[in-house]
Amino acid sequence: MARQVTTRRKLGMTAVGWIVALLIFFPILWTVLTSFKTEGTAIATPPQFLFFDWTLENYFEVQSRSNYFRHMMNSIVISVGSTLIGLIIAIPAAWAMAFSPTKRTKDILMWMLSTKMLPAVGVLVPIYLVFRDWGLLDTRTGLVIVLTMVNLPIIVWMLYTYFREIPGEILEAARMDGATLANEIVYVLTPMAIPGIASTLLLNIILAWNEAFWTLNLTASKAAPLTAFIASYSSPEGLFWAKLSAASTLAIAPILIMGWFSQRQLVRGLTFGAVK
Amino acid sequence: MKLKTIMLGACSVLALAGIAGAETLTIATVNNGDMIRMQKLAGAFTEKNPDIELEWVTLEENILRQRVTTDIATKGGQYDIMTIGTYEVPIWAKQNWLLPLDNLGADYDVDDLLPAIRGGLSIDGKLYAAPFYGESSMVMYRTDLMEKAGLDMPDAPTWDFIKEAAAKMTDKDNEVYGICLRGKAGWGENMAFLTAMSNSYGARWFDEKWMPQFDSDAWKATLNDYLDLMNNYGPPGASSNGFNENLALFQTGKCGMWIDATVAASFVTNPDESQVADKVGFALAPDKGLGKRGNWLWAWSLGVPAGTQKAEAAQKFVAWATSKEYLDLVAEKEGWANVPPGTRTSLYENPKYQEAAPFAEMTLESIKAADPNNPTVDPVPYVGVQFVAIPEFQGLDTAVGQQFSAALAGQVTAEQALMTAQQLTEREMRRGGYIK
Amino acid sequence: MATLHTRTSARLMMSPAVILLLCWMIVPLAMTLYFSFLRYNLLMPGMEEWTGFGNYTYFLTDPAFSTALVNTLVLVAGVLLITVGGGILVALLLDQPFFGQGIARLLVIAPFFVMPTVSALVWKNMLMHPVNGLFAWIARSFGFQPVDWFAELPLFSIIVIVAWQWLPFATLILLTALQSLDSEQQEAAEMDGAGVVSRFIYIVLPHLARAITVVILIQTIFLLSVFAEILVTTNGGPGIQTTTITYLVYVQALLQFDVGGASAGGIVAVILANIVAVFLIRVIGKNLDK
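Residues numbered from 1 in each chain as written. Chains lettered and ligands numbered in written order. Predicted model: local features only at pLDDT ≥ 70, side-chain atom pairs only at ≥ 80, totals over all residues. Heavy atoms only, no water.

1. Points about the overall build of chain C
Summing up its helical and strand segments, chain C has 13 helices and two strands in all. Along the longest, intermediate and shortest principal axes, the C-alpha atoms of chain C span 80 × 75 × 30 Å. Residues classed as buried in chain C amount to 62% of the 290 residues present. The contacts of chain C with a sequence gap of at least 6 include a subset with a gap of at least 24, amounting to 70%. For chain C, the accessible area works out to roughly 11,500 Å², and carbon and sulfur atoms hold 71% of it. (Helix = DSSP H or I, 4+ residues; strand = E, 2+ residues; numbered from the N terminus. Buried < 20%, exposed > 50% of the residue type's maximum accessible area, 1.4 Å probe, protein only. Contact = heavy atoms within 4.5 Å. Areas by Shrake-Rupley, 256 points an atom, 1.4 Å probe, with all protein chains shown as cover.)

Written out as structure tokens, the structure is:
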């Protein structure tokens, strides 16, 4: 009896769960489906869901217009590069803040976060001038620098919250045993912090991948990532729904696949110290 | 990976210092159909010039404008060729940001360029950008619906006729709307149309002393008639419709009439894209009997920024892309109807083009009917038909466009919109020191 | 506890991040501050002149300013409301065992990976379009007049789009927090006859407080600078109904190319953001110290 109720309940939950999940996912699903339609069927009423002539022509068209793979490579280099450099800078900082907090630690942390609130467009011209003088315009180096800076506060803060949850006694014990600072970090702290670091890494790759202001305004062609690729489709003439869908699918596919494969790692650490 | 990034950075620094080998031209262009076609056909140019490589940056119009303006004003030097419009050319040329195009080659035939277009791109007789395609605006209408309504579109209609026709063609139950016009806020969107329309109503942006004129009766009449047309006979969601949205509506048979850029003519008559390709007629933009028509003038043109180190190669490409030879190339590969229009007299004298493009004559007449140096009924201190060629204009016109778009969406009344427009224009003019 | 030695090394380790961020903040900020006192338009070189607080007066007296301020706050608050509320519900749902839970979870988090520009384009053109959009079709098939989203409910439409992108983020954090909830406590409460609602209010919600704080803090930081969605969909209109502070600065910077005005606007925005930050730290930051 009881068992039957739970099964029935589980079936009910399954229905509700899937309906909600599909609703949330629907815009993406719809985009992917549309990318395989011809421009004509893309805007047909009533809309065609599955039974239409599937075509790849939009993908060929998109590829013939711009070199997708180069944009993708740029996106990968920029997002991964900036995240790695950010981690290298942030790990010591977060470690120090978590284990030797001073009165001002909180203030520094909050100040770092507040730098993120500066509206990028207001400082575009100053940054553009600096970049021009240093020859960083349209280079991946330049973008890596900018995105490292942009995401550094979040990285520091995320790491800080993980590190704080590592019990201090373990470190004390290690220190008693005569571990040096370096040993402490490498052998004690790092293994415990790996989940946190991993999810920080993943989250920041996502954020850097989707960053669309600096990547668009500081590049021209050589270093332009996928955000620039999509900017050339935002209003071509005439019927463009299918082509737009194909370009959109291409732009989000790599990060979506990465995200799905690594979602366990992402979720495990994505707590910002919220779990207590 | 890090090393590679550093190396790449170093390389680009070297490239900036001018130690590059084979010349690579970076071309910034807008994602219009004609430009994308140019990109596809550019192989013909690089075949002939193997020492020149082309790097394309294709962007949506607004983003393109931001990018190239920031770059040229800060002398960033990221582009060797920029696609710009008739609005930018006079302002930029005055700052010496553009190189005069004096080296286009012997067979370029500058005198073949349409005088109205050439005039808009020259200062003191020197050409600062070469027109890639030129456009005006005109009425595009559905011949079948017009017939059904029992009307006959004259070649030069009046606004009153347009209203009558819109009323008779509208059939909302079947999703046919009598008239589609731009409603999306933006200086290149609804304001291009409305400013051109206001010219035919005898309105103007400024009087000779740079005082804004939105409080005039002529502007009131313009906006009221526009709102009246759109609210009664326009499609739903008109306040977010720009050129592209309307094009899609017209191509899918949902508009009876559409007053917009002449370049749209080749898209609506192209059977691959348009469901109404064989039922489209053309007429001049309407007037009000005051001597000016509601049509604009625009030319997407290729300019060479003064900061480039590859001026010679850049001019070579500009000359190629705007030459008669390029027109022939497009005609050969894609048919005469797809040739970029509105730049050369010889194209309109070509019988093959006249035959393939039913809209040719009307396009030429429309372009000829626009006069950027003398755009309005009453005299004005500015140049430009659907724009005012001053640096403040883009932001100002967009703000005004937002007001008119709000009026169309029914959120403010026409009077309120005009009053706000008047206030914010006056504020901006005072700040710019135009009104002393 | 910390010895002098560790404290020094702590400073040393913190310094790269702090110094870099300091540079990142100070250099542009100093330049911006300097420009904000100049009459400086990129399109009119050679005309630069000192103008005192002219740019600030100009920006603050912009008739759109107060509306933009309100719009910004409404946008942030609206998105927070939807994502936190919706996030709790979805998280509770995903916390229940059901068939294909893993895949459902993948589907739910997907919007987080979509670039803002892409999601704005997709929503605008394929879903909310009043003629060709899917919503319009649904409305028509039920015999209703399609809603013209961006004309009738512009700010709400943008809130929906942004909320859709951030819902997965909130859900994920809340879900992890939920999963750490002590199930024995739950069961004990159930035994005592506590209903679903009271269990939620007295056990689940307090447990989630910290996670909710984190969601609000992080999202606020990103939401204050939401911009791409507005640019793609409404251009700040109709009228000024979707104009936010960030959008106003954008108009100054990339339409007017008025570097002076944009700089002043940027400084104003920073000050406003800092007020929000102080507020957040006061009200919410405490929650984090527990």
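Next comes the rest of the description.
2. A look at the packing of helix α5 (residues 105-115) of chain A against helix α7 (residues 140-165) of chain A
In a packed pair of helices, the relevant descriptors are the angle between the two axes and the axis-to-axis distance. Residues and elements named next belong to chain A. Across the interface, α5 lies against α7 with an axial gap of 8 Å and an inter-helix angle of 145°. Contacts from T105, K106, L109, M112, L113 and T115 in α5 reach P153, I154, V156, W157, Y160 and R164 in α7. Its residues assigned to classes, the contact of α5 with α7 comprises eight nonpolar, two polar and two charged. (Axes fitted to C-alpha atoms, helices over the stretch in contact; angles between N-to-C directions. Nonpolar A, V, L, I, M, F, W, Y, C, P; charged D, E, K, R; others polar.)

3. What to know about helix α19 (residues 414-431) of chain B
Residues and elements named next belong to chain B. With 18 residues, α19 should cover 26 Å at 1.5 Å per step; its first-to-last C-alpha distance of 26 Å lies within 8% of that length. Within the sequence span of α19, burial applies to A414, A417, L418, A421, Q422, L424, T425, R427, E428, M429 and R431. In the stretch just after α19, G433 is the one whose phi turns positive, near 80°. (Expected span 1.5 Å × (residues − 1).)

4. A closer look at the interface of chain A and chain C
The extent of an interface is frequently quoted as the accessible surface area lost upon association of the parts. Contact with chain A, which involves 98 residues of that partner, is made by 90 residues of chain C. Among the residues chain A hides against chain C, the three largest losses belong to I24, M117 and M149 of chain A. Together they make up 8% of the total. Where chain A touches chain C, the interface holds zero salt bridges. Counting across the interface, chain A meets chain C through six residue pairs in polar contact (both at pLDDT 80 or more). Sorting elements by how many residues they give to the side of chain A that touches chain C places helix α1 (residues 2-34) of chain A first, with 19 residues. In terms of residue class, the side of chain A that touches chain C is made up of 70 nonpolar, 19 polar and nine charged. (Buried area = accessible area lost by both parts, 1.4 Å probe. Salt bridge = Lys/Arg side-chain N within 4 Å of Asp/Glu carboxyl O. Polar contact = N/O pair within 3.5 Å; in protein donor to acceptor, adjacent residues only side chain to side chain.)

5. Looking at the packing of helix α5 (residues 116-127) of chain C against helix α8 (residues 154-179) of chain C
All names here are of chain C. The contact between α5 and α8 brings their axes to 10 Å, and the two run at 130°. When the axes of α5 and α8 are compared, the pair comes out oblique. When you trace α5 past α8, the crossing you get is right-handed. Taking contact as the criterion, the partners of P116, S119, A120 and W123 in α5 are, on α8, V160, I161, W164 and Q165. In terms of residue class, the contact of α5 with α8 is made up of six nonpolar, two polar and no charged. (Parallel < 35°, antiparallel > 145°, perpendicular 65-115°, else oblique. Left-handed = near helix turned anticlockwise from the far one by under 90°.)

6. Description of the confidence of the model for chain C
Caution applies to low-pLDDT regions: their predicted coordinates should not be interpreted in detail. Here chain C averages 84 in pLDDT, while 94% of its residues score no lower than 70. Confidence estimates for the predicted assembly give a pTM of 0.85 and an ipTM of 0.85. (pLDDT = per-residue confidence, 0-100.)

7. Considering the state of the cysteines
All names here are of chain B. In this structure the tally under the stated criterion is one disulfide over all chains. Two residues share a disulfide in this structure: C180 and C255, whose sulfurs sit 2.0 Å from each other. Since a negative S-S torsion denotes a left-handed disulfide, the C180-C255 link at about -90° is left-handed. Taken together, the residues C180 in strand β7 (residues 177-180) and C255 in strand β8 (residues 255-261) connect sequence positions 75 residues apart. The two residues C180 and C255 agree in class, both being buried. (Disulfide = S-S within 2.5 Å.)

8. Some words on unusual backbone geometry
The phi torsion at N96 of chain B lies on the positive side, around 60°, for a residue other than glycine. Looking at where N96 of chain B falls in the secondary structure, it is placed in the loop between α5 (88-94) and α6 (115-120).

9. Examining the side chain of S221 of chain A
Along the chain, the position of S221 of chain A falls in the loop between α10 (214-217) and α11 (226-231). Residues in contact with S221 of chain A, not counting those within four places in the same chain, are R70 and D138 of chain A together with T26, E55, W56 and V57 of chain B.

10. Remarks on the pairing of strand β9 (residues 280-284) of chain B
All names here are of chain B. Of all five residues that make up β9, five are buried, and the element is covered over most of its length. Going residue by residue along β9, you find V280, F282 and L284 tucked away on one face and G281 and A283 tucked away on the opposite face as well. In this structure, strand β6 (residues 130-142) lies alongside β9, joined through five bridges in antiparallel fashion. If you follow M140 over to β9, its bridge partner there is F282. (Pairing = 2+ DSSP bridges.)

11. Quick notes on a nonpolar patch on the surface
All names here are of chain A. A surface patch of nonpolar side chains, amounting to about 500 Å² of accessible area, comprises F49, L50, F51 and W54. Positionally, F49 belongs in the loop between α2 (39-42) and α3 (57-65). Its relative accessible area of 36% is what places F49 among the partly exposed residues. (Patch = residues over 30% accessible without salt bridge, like charges linked within 9 Å, V, L, I, M, F, W, Y side chains within 5 Å.)

12. Section: the side chain of Q66 of chain B
By secondary structure assignment, the location of Q66 of chain B is in helix α4 (residues 61-73). Q66 of chain B sits in the buried class, given a relative accessible area of 6%. For Q66 of chain B, the contacting residues outside a window of four places in its chain are N217 of chain A together with Y250, L254 and F257 of chain C.

13. Let's talk about helix α12 (residues 241-261) of chain A
Residue and element names in this part refer to chain A. Look at α12: 29 Å from first C-alpha to last across 21 residues, which is about the 30 Å you get at 1.5 Å a residue. Along α12, the sharpest kink reaches roughly 40°, centred on A253 and followed within four residues by the proline P254. Most of α12 is tucked away, with 16 of its 21 residues classed as buried. (Bend = angle between axes of the 7 residues up to and from the residue.)

14. Describing the packing of aromatic side chains
If you walk through the whole model with that rule in mind, you get 58 aromatic pairs over all chains. Between W92 of chain B and W97 of chain B, the aromatic rings sit 6.3 Å apart at their centres with planes inclined by 65°, giving edge-to-face as the arrangement. For the pair shown, W92 of chain B and W97 of chain B are each scored as buried. Aromatic pair W298 of chain B and W300 of chain B: ring centres 5.5 Å apart, planes at 85°, arrangement edge-to-face. Using a relative accessible area of 4% as the deciding quantity, one classes W300 of chain B as buried. We note K37 of chain A situated over the ring of F52 of chain A; from NZ or CZ to the ring centre the distance is 5.2 Å. In this structure, R344 of chain B packs its charged tip against the face of Y108 of chain B, placed 4.8 Å from the ring centre. (Phe/Tyr/Trp six-rings, centres within 6.5 Å; stacked < 30°, edge-to-face > 60°. Lys NZ or Arg CZ within 6 Å of the ring centre and 35° of its normal.)

15. Some points on the interface of chain C and chain B
Chain C puts 38 residues into the contact, and the matching count from chain B is 36 residues. Both faces combined, the contact of chain C with chain B buries some 3,200 Å², and carbon together with sulfur accounts for 51% of it. Considering only the surface of chain C that becomes buried against chain B, L43, Y58 and L255 of chain C emerge as the three largest contributors, covering 19% of it. Along the contact surface separating chain C from chain B lie four salt bridges. Between R431 of chain B and D258 of chain C there is a salt bridge, with its nearest N and O atoms 2.5 Å apart.

16. Remarks on the environment of L226 of chain A
Summarising the element assignment, L226 of chain A is placed in helix α11. Classification of L226 of chain A by relative accessible area gives buried; the value is 0%. Sequence separation between L226 of chain A and M73 of chain A is 153 residues, and the spatial gap between their C-alpha atoms is 8.8 Å. Contacts of L226 of chain A, omitting those with residues within four sequence positions, involve Y68, H71, M72, S75, W209 and A251 of chain A together with M115 of chain C.

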